[in-house]
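Here is how the chains run, residue by residue.
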Amino acid sequence: MAIIWKLRHYISMFARQYLIAIVALQVVALLNLIPSWLIGHIVDDINHGSLTLRSLIIDVCGIVGSALAMYGLRYVWQSRLYGAAIAITQVLRRDLFHQLSLLPPSFYGRRSTGDLMAHATNDLNAVEESTGMGIMTLVDSFIAGFTVIFGMIFVVSGQLTAVALLPFPLLIYCTHRYGSRLHQAFDAAQASFSDLNEEARETVAGVRAVRSHGIRARQEQRFEQSLDNTLTTNLAVAKVDAAFAPTVQVIYGFSFVLSLAYGAWLISQGNITIGLFTTFTLYLGQLMGPFMQFGWQFNVFQRGNTSWSRLEALFAEQPDVKQGSEILPEDAEPNLEINIVEFAYQDANQCALQDIQVKVPAAGLVGITGPTGSGKSTLLHLIMRQFPLTKPSEIYIGGYGTDLLTFDSLRQHLAWVPQKPLLFSGSIAENIAFAQPNATREEIMHVAEMVAIKSEIEAMPQGFDSMLREGGTNLSGGQRQRLTLARALLSGANILLLDDPFSALDMKTEAIIRKNMKLHYGHKTMVLVTQRLANLIHADHILVLDQGQIAERGTHAELMHQQGWYATVYQRQTHLNSAGATKTQSILSAEVTHA
């Protein structure tokens, strides 16, 4: 029942609904005493030979009337109670989504998607059951139980009631023992479900790779292992569950036997009548429900408590990047000043970036290149404040320290094209206008033309209204990349962070996009990460990173003169491109001659 205290904030939000439900439950419990008392009255009238048609009709009408009243009140308390539980779950889902949207990339590097989905489904469902069925059984077991016991004491016999309740402490002991075992078993079951969820998600998301590498059998075997583990842990939960009801029934049966023996003795002594004993046995039968609920509520609350502990761990996660309070003016100069003394990822044993100083002028183009793993993408992530940057390292935009700005203010001035294109389920137009949902169709079509994809979209059956599957899997890699670039151009941000945005494009399409961006978006500040060095010929400044440090820097001409890594790679790429173009031209000439 500790979960009720832990969720008191959410429960208090719907206190009125819970109060109405509890009052209705109490009235139902009182009305439920009437039929048993009237039946005992009828039995005594029969036993004494004083039963009349009029008294029988009155008693039967009382039974029917109380039954109808209980029917209406049960509808009231169930609709209020379960309505409140559903509403609490809705608030929790909203809070969980909000929390997940605030957590940094480092958190998602530690937690799998399958695990988070299990929290958002199974764990929240268990909490919802606790705030609905759990509270219902708790309140009903206490209200109905004490009301029935009150009737047993004051309507029939206090002595007989005391004898009937002798086994009750045993029920408390058993449910406590079962509750501890259930907590451990359910925690393991939820963890195994998270693993199963992640295994299924990975296989489905990478189904093309699974098929192309011929590892379907291996993936099925891994899934079977996860499935077996989930089955084993859930069977452990089921075994504890299965012990609850028989234990309660045995204890209840023991209580019934004691009541029967002692009640018979009281009748023989003339202390109670047969009718009152009939009423008592009916009350004892009504007490079976609270007995069962008392045991079952421990089951529900232990599940809910385990799930809430898992959810609490998520809610307790704090973003490692704290936003500031200042607002970057809309007319601020879109220039960048980067001074990174050192930066290392959490739990890393070496720096990802070190001694990085660079100034990016407004409307300037700074290129970043270097070997794989040299920290190029990391630099863009730090500009966007996706990871914490400690003093004395600083990054400024328009003269304002990024650590002093609110996230909304900072990211309003930045548009990022990630290395791996990310598209959402929806239409092509909706994806392009993701950052500007009020953009007109003309504006959407314009940026599509700028990234050389407008004609391809219009050739589709639904054009810009064509629906994309999750991740845009019904598009080619180059099309996904261009849609992501179009989204950044439409965003209105004055600083573009481009992380290898042309890697999936052919040289002709890339040249068209570069030309359009220079003509139409030359007023924007651009930081371009690329391995295609031809893209950097006209850059104002180029950084060559190696192992997190600046190995070379300068303009294209200056770097070519240095004859370092940049010059060597550029010459190789130029040679390969020239050879490829010559070979293509030879093939085309041969085809023309043959024709």
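Preceding this section is the structure that the text describes.
Quick notes on the rules
- Residues numbered from 1 in each chain as written.
- Predicted model: local features only at pLDDT ≥ 70, side-chain atom pairs only at ≥ 80, totals over all residues.
- Heavy atoms only, no water.
- Helix = DSSP H or I, 4+ residues; strand = E, 2+ residues; numbered from the N terminus.
- Rg over C-alpha atoms; globule rule 2.2 N^0.38 Å.
- Buried < 20%, exposed > 50% of the residue type's maximum accessible area, 1.4 Å probe, protein only.
- Contact = heavy atoms within 4.5 Å.
- Areas by Shrake-Rupley, 256 points an atom, 1.4 Å probe, with all protein chains shown as cover.
- Lys, Arg positive; Asp, Glu negative; His and termini not counted.
- Charge placed at Lys NZ, Arg CZ, Asp CG, Glu CD.
- Axes fitted to C-alpha atoms, helices over the stretch in contact; angles between N-to-C directions.
- Parallel < 35°, antiparallel > 145°, perpendicular 65-115°, else oblique.
- Nonpolar A, V, L, I, M, F, W, Y, C, P; charged D, E, K, R; others polar.
- 1 Å grid on protein atoms, 1.4 Å probe; cavity = no way out; pocket = protein on both sides within 12 Å on 5 of 7 lines; lining within 4 Å.
- Points joined across faces, edges and corners; volume = space filled by probe spheres on them.
- Expected span 1.5 Å × (residues − 1).
- Salt bridge = Lys/Arg side-chain N within 4 Å of Asp/Glu carboxyl O.
- Pairing = 2+ DSSP bridges.
- Phe/Tyr/Trp six-rings, centres within 6.5 Å; stacked < 30°, edge-to-face > 60°.
- Lys NZ or Arg CZ within 6 Å of the ring centre and 35° of its normal.
- Arc of directions from axis to C-beta.
- Core = buried A, V, L, I, M, F, W, Y, C linked by side-chain atoms within 4.5 Å.

1. Side note on the overall build of the protein
When you go through the protein residue by residue, the secondary structure sums to 21 helices and twelve strands. Relative to the compact-globule value of 25 Å for 595 residues, the protein shows a C-alpha radius of gyration of 36 Å, a clear excess of over 25%. For the protein, the spread of C-alpha atoms along the principal axes amounts to about 120 × 65 × 45 Å. Looking at the protein as a whole, 44% of its 595 residues are labelled buried. Considering only residue pairs separated by 6 or more positions, the protein has 78% of its internal contacts joining residues 24 or more positions apart. A total of about 30400 Å² of accessible surface is found on the protein, and carbon and sulfur atoms cover 60% of it. When the 43 positive and 49 negative side-chain charges of the protein are each reduced to one mean point, those points stand 3 Å apart.

2. Comments concerning the packing of helix α3 (residues 15-31) against helix α4 (residues 33-48)
Relative orientation of the contacting elements α3 and α4 amounts to 5°, with a least axis distance of 4 Å. Judged by the angle between their axes, α3 and α4 are roughly parallel. For the pair formed by α3 and α4, the contact residues are Ala29, Leu30 and Leu31 on the first element and Leu33, Ile34 and Pro35 on the second. The residue makeup of the contact of α3 with α4, split by class, is six nonpolar, no polar and no charged.

3. Quick word on empty space enclosed by the protein
In the structure shown here, the tally under the stated rule is two cavities of 30 Å³ or more. For the largest cavity, the calculated volume is near 100 Å³. The wall of the largest cavity is formed by Leu382, Arg385, Phe387, Pro388, Leu389, Lys391, Ser393, Glu394, Ile395, Thr402 and Asp403. A class-by-class count of the residues in the lining of the largest cavity yields five nonpolar, two polar and four charged. A volume near 40 Å³ is recorded for the second largest cavity. Surrounding the second largest cavity, Ile338, Val358, Val360, Val366, Ile368, Leu379, Ile383, Val527 and Leu543 form its lining. Those elements that provide at least two residues to the lining of the second largest cavity are β2 (353-360), β3 (365-369) and α13 (376-383). When the residues that make up the lining of the second largest cavity are grouped by side-chain class, the tally is nine nonpolar, no polar and no charged.

4. With respect to helix α11 (residues 216-268)
Helix length check: α11 (53 residues) gives 77 Å between terminal C-alpha atoms against 78 Å at 1.5 Å per residue, within 8%. Phi turns positive, to about 80°, at glycine 270, one or two residues after α11.

5. What to know about the pattern of salt bridges
Scanning the model with the defined rule gives eleven salt bridges in all. Ionic pairing is found between glutamate 456 and arginine 482, a salt bridge with its closest N-O pair at 2.7 Å. Within this pair, whereas glutamate 456 is found in helix α17 (residues 454-458), its partner arginine 482 is found in helix α18 (residues 477-490), the two being separated by 26 residues in sequence. Look at glutamate 456 and you get partly exposed, because its relative accessible area is 29%. The network of salt bridges with common partners includes Arg111, Asp115, Asp123 and Arg310.

6. Here we look at the sheet that holds strand β1 (residues 336-343)
The strands making up a sheet associate through hydrogen bonds between their backbones, and the pairing can be parallel or antiparallel. Read across the open sheet, the four strands follow the order β2-β1-β4-β5; overall the sheet is antiparallel. Looking at the sheet topology across the chains shown, the edges are occupied by β2 and β5 (400-401). Relative to β5, strand β4 (residues 394-397) is paired through two bridges, and the arrangement is antiparallel. Bridge pairing in β5 places isoleucine 397 opposite tyrosine 400. In this fold α13 packs onto β1, β2 and β4, with an angle of close to 115° to the strand it touches most, β1.

7. Examining the layout of surface pockets
The space that makes up the second largest pocket amounts to roughly 460 Å³. Residue lining of the second largest pocket: 20 residues in total, with Leu365, Arg514, Lys518, Met526 and His538 positioned closest to the centre. Of all the secondary structure elements, the ones that give two or more residues to the lining of the second largest pocket are α19 (507-520) and β10 (525-529). Here the element with the most residues in the lining of the second largest pocket is α19; it accounts for five residues. Within the lining of the second largest pocket, the residues separate by chemical class into eleven nonpolar, four polar and five charged.

8. Notes on the packing of aromatic side chains
Counted according to the given criterion, the structure contains nine aromatic pairs. When the centroid spacing of 6.2 Å and the interplanar angle of 55° are considered together, the rings of phenylalanine 343 and phenylalanine 387 count as tilted. A residue pair is termed long-range when its members are at least 10 positions apart, and phenylalanine 343 in strand β1 and phenylalanine 387 in the loop between α13 and β4 qualify at 44 residues. Like phenylalanine 343, the residue phenylalanine 387 is buried in the burial classification. Members of the aromatic cluster, connected to one another through ring pairs, are Tyr10, Trp308 and Phe315. One cation-aromatic arrangement involves arginine 8 over tryptophan 5; the distance from NZ or CZ to the ring centre is 4.0 Å. For the cation-ring pair, arginine 411 lies above phenylalanine 407, with the distance from its terminal atom to the ring centre recorded as 4.5 Å.

9. Here we look at the side chain of asparagine 305
Note on placement: asparagine 305 falls in helix α12 (residues 274-316). Filtering out sequence-adjacent residues up to four positions away, asparagine 305 remains in contact with Ala2, Ile3, Lys6 and His183.

10. A word on α3
Taking 1.5 Å as the rise per residue, α3 with 17 residues should run 24 Å; its terminal C-alpha atoms sit 24 Å apart, in good agreement. Residues of α3 that are buried: Tyr18, Ala21, Ala24, Leu25, Val28, Ala29 and Leu31. For α3, the angular spread of the buried residues around the axis is 160°, confining them to a single face. Exposed residues on α3 whose side chains face more than 90 degrees from its buried face are Arg16 and Leu19.

11. Some details on the nonpolar core
In this structure, Ile432, Leu483, Leu485, Leu489 and Met517 are the most contacted members of the largest nonpolar core, which totals 46 residues. Considering every element that reaches this core, the biggest residue donor is α18, with six residues. Discounting residues that sit within four places of it in the chain, isoleucine 432 has contacts with Ile444, Val447, Ala448, Ile457, Phe464, Leu483, Ala486, Arg487 and Leu490.

So, to be careful, I would describe these as geometric facts and stop short of saying anything about function.
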